[in-house]
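The chain contents come next:
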Number of protein chains: 2
Amino acid sequence: MERVDSKIVHEGPRVEVRQERWRYADGSEADREIAVVDDAVTVIPYDDEVVYLVRQPREPVGEAGLLELPAGKLDVAGESALECAKRELVEEIGRSASEWEEVKRFYPAPGFAQEEMTLFVATGLVEVDDHAPDPEERIEVVAWPLDRIDEAIAECADAKSLVGLYMLRDRLAG
Amino acid sequence: MERVDSKIVHEGPRVEVRQERWRYADGSEADREIAVVDDAVTVIPYDDEVVYLVRQPREPVGEAGLLELPAGKLDVAGESALECAKRELVEEIGRSASEWEEVKRFYPAPGFAQEEMTLFVATGLVEVDDHAPDPEERIEVVAWPLDRIDEAIAECADAKSLVGLYMLRDRLAG
């Protein structure tokens, strides 16, 4: 299939909307309305005892403290997914990691959004001395015990974090 | 926290964008741009041998045949999530189910979209005789063997389906 037409119908600070026309292998065509946002990364940072989660307000879904893995958007020009993940880990939980592994790429909402998510495992965690969290992000760090990971999965209502927590549970089991 | 202002800045056939202002418990305020789409459902339909998946084009991410669980949008006025799930199961895989269980609610993309996803398990599957799939949806049904569920998880790049497949694996193990 191929995109045969694309026109921007909304251009906001974070969300762009495009009206597109697609042609399929059988020659038929259809219109699609697509939201375009920056691609993003999610990090699974853990040591022998805990995985570091965050609670933060998510205005789009009206939640004051949604439980998530650390994550962020590729909103710095020229930055790779791995560089973004390293930056976000320091910004959100005040730690760097010596070992990084990309474990999955997936689409959070492929029915209407182009966003791609890259998921990393980060280990060998070290506290960063001069960490000053961005007050605008209103993030609370939660050191969640690994032996209670099923409770994190039960409480979590964020798709990317659920995928990451299930993958972490597999690693711990395996 | 509370929404103190909301204004529609884009209103398309499927995607609406709102510019909102939020106030937090500490009295500070921030602007947020939020995509609004219909809420949705995902179904985990399985019997003793297979889980029924679908492959379909996902234009937003440029994939001609993304592997997913059956899913659909709450785009019929007054329809409940369960009614929507029952309708989508027939439309997408030509089967009805005698047993339904809601197993999870989560947000596919809480950083920028309000969408809520409700996940159902459907068992007691029966083929529907007069099933006529919508050619516009271009859906291929895939009967995936349960003893190869780890391969489905490895191939799947759709967040909602990954969550569903992990939950199914837990049920099969438990």
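Above this note sits the structure.
My aim in this report is to walk through the structure given alongside it, one point at a time. Everything numeric here is computed off the predicted structure, so don't read it as measured data.

### Focus: the relation of the copies chain A and chain B
Each of the two chain copies goes to the other by way of a rotation about an axis and a shift along it.
Okay, so step 1: By a simple turn and slide, chain A fits onto chain B: the slide is 0.0 Å along the axis, the RMSD is 0.0 Å, and the turn is 180°. On this basis, the relationship between the two copies can be described by a two-fold rotation axis.
Okay, so step 2: Interface overlap between copies: 100% of the residues of chain A at the interface are likewise at the interface in chain B, consistent with a symmetric, same-surface contact.

### What about the interface of chain A and chain B?
Okay, so step 1: Every contact between the two is made by 55 residues of chain A and, on the other side, 55 residues of chain B.
Okay, so step 2: Interface area for chain A against chain B, summed over the two sides, is near 4800 Å², with a carbon-plus-sulfur share of 60%.
Okay, so step 3: Counting across the chain A and chain B interface gives 4 salt bridges.
Okay, so step 4: For B:Arg169, the salt bridge goes to A:Asp170, with nearest N and O atoms at 2.6 Å.
Okay, so step 5: Between the two partners, chain A and chain B, sit 27 residue pairs in polar contact (both at pLDDT 80 or more).
Okay, so step 6: Breaking the side of chain A that touches chain B down by element, the ones donating at least two residues are β1 (2-11), β2 (16-23), β3 (29-36), β5 (50-58), β6 (63-68), β8 (95-106), α2 (149-155) and α3 (159-173) of chain A.
Okay, so step 7: Broken down by element, the residue count for the side of chain A that touches chain B peaks at 8 residues, all from α3(A).
Okay, so step 8: Here the side of chain A that touches chain B is composed, by residue class, of 31 nonpolar, 7 polar and 17 charged.

### Quick word on the pattern of salt bridges
Residue and element names in this part refer to chain A.
Okay, so step 1: Under the criterion given, the structure shown has 44 salt bridges over all chains.
Okay, so step 2: The closest approach of N and O atoms between Arg-58 and Glu-68, which form a salt bridge, is 2.6 Å. Of this pair, Arg-58 sits in strand β5 while Glu-68 sits in strand β6, and the two are 10 residues apart along the sequence. Like Arg-58, the residue Glu-68 is buried in the burial classification.
Okay, so step 3: Linked by salt bridges that have partners in common, Glu-2, Arg-21, Arg-23, Glu-29 and Asp-31 make up one network.

### With respect to the sheet that holds strand β9 (residues 117-127) of chain B
Residue and element names in this part refer to chain B.
Okay, so step 1: Spatially, β7-β4-β9-β8 is the arrangement adopted by the 4 strands of the open sheet, whose pairing is mixed. The strands lining the two open edges of the sheet, one partner per strand, are β7 (71-73) and β8 (95-106). With strand direction ignored, the average angle separating the axes of adjacent strands in the sheet is 25°.
Okay, so step 2: Bridge analysis of strand β4 (residues 40-45) against β9 gives 6 bridges, and the strand direction is parallel. Bridge pairing in β9 places Ile-44 opposite Val-121.
Okay, so step 3: Lying over the sheet, helix α3 (residues 159-173) contacts β4, β7, β8 and β9, oriented at roughly 110° with respect to β8.

What counts as what
Sequence order sets the numbering: in each chain, residues are counted from 1 along the sequence as written. A letter from A marks each chain and a number from 1 marks each ligand, given out in the order of writing. Thresholds applied to this predicted model are a pLDDT of at least 70 for local features of residues and 80 or more for the giving and counting of side-chain atom pairs; totals over whole chains, interfaces and linings are not thresholded and use all residues. The basis for every side-chain value is the complete set of heavy atoms in the structure, and neither hydrogens nor water enter the calculation. For this overlay, a least-squares fit was computed on C-alpha atoms, restricted to residues scoring pLDDT of at least 70 in both copies. Note on contacts: a residue pair is in contact if any heavy atoms of the two residues lie within 4.5 Å. Summed over both partners, the accessible surface that disappears when two parts come together, traced with a 1.4 Å probe, is what is meant by buried area. The term salt bridge refers to a pairing of a side-chain nitrogen on Lys or Arg with a carboxyl oxygen on Asp or Glu at a separation within 4 Å. We define a polar contact as two N or O atoms separated by no more than 3.5 Å, with the added condition that, inside protein, one atom must be a possible hydrogen donor and the other a possible acceptor, whereas residues neighbouring each other in sequence contribute only through side-chain atom pairs. For the purposes of this entry, the term helix denotes a DSSP run of H or I that reaches at least four residues, the term strand denotes a run of E that reaches at least two, and both are numbered from the N terminus. When residue character is reported, Ala, Val, Leu, Ile, Met, Phe, Trp, Tyr, Cys and Pro are called nonpolar, Asp, Glu, Lys and Arg charged, and the others, Gly included, polar. Each residue's exposure class comes from its accessible area (1.4 Å probe, protein chains only) as a fraction of the maximum for that residue type: buried when under 20%, exposed when over 50%, partly exposed otherwise. A strand pair is defined by DSSP finding two or more bridges across the two strands. In this description, a line fitted to the C-alpha atoms serves as the axis of each element, helices being fitted only across the stretch in contact, and the angle between N-to-C directions of two axes falls anywhere from 0 to 180 degrees.

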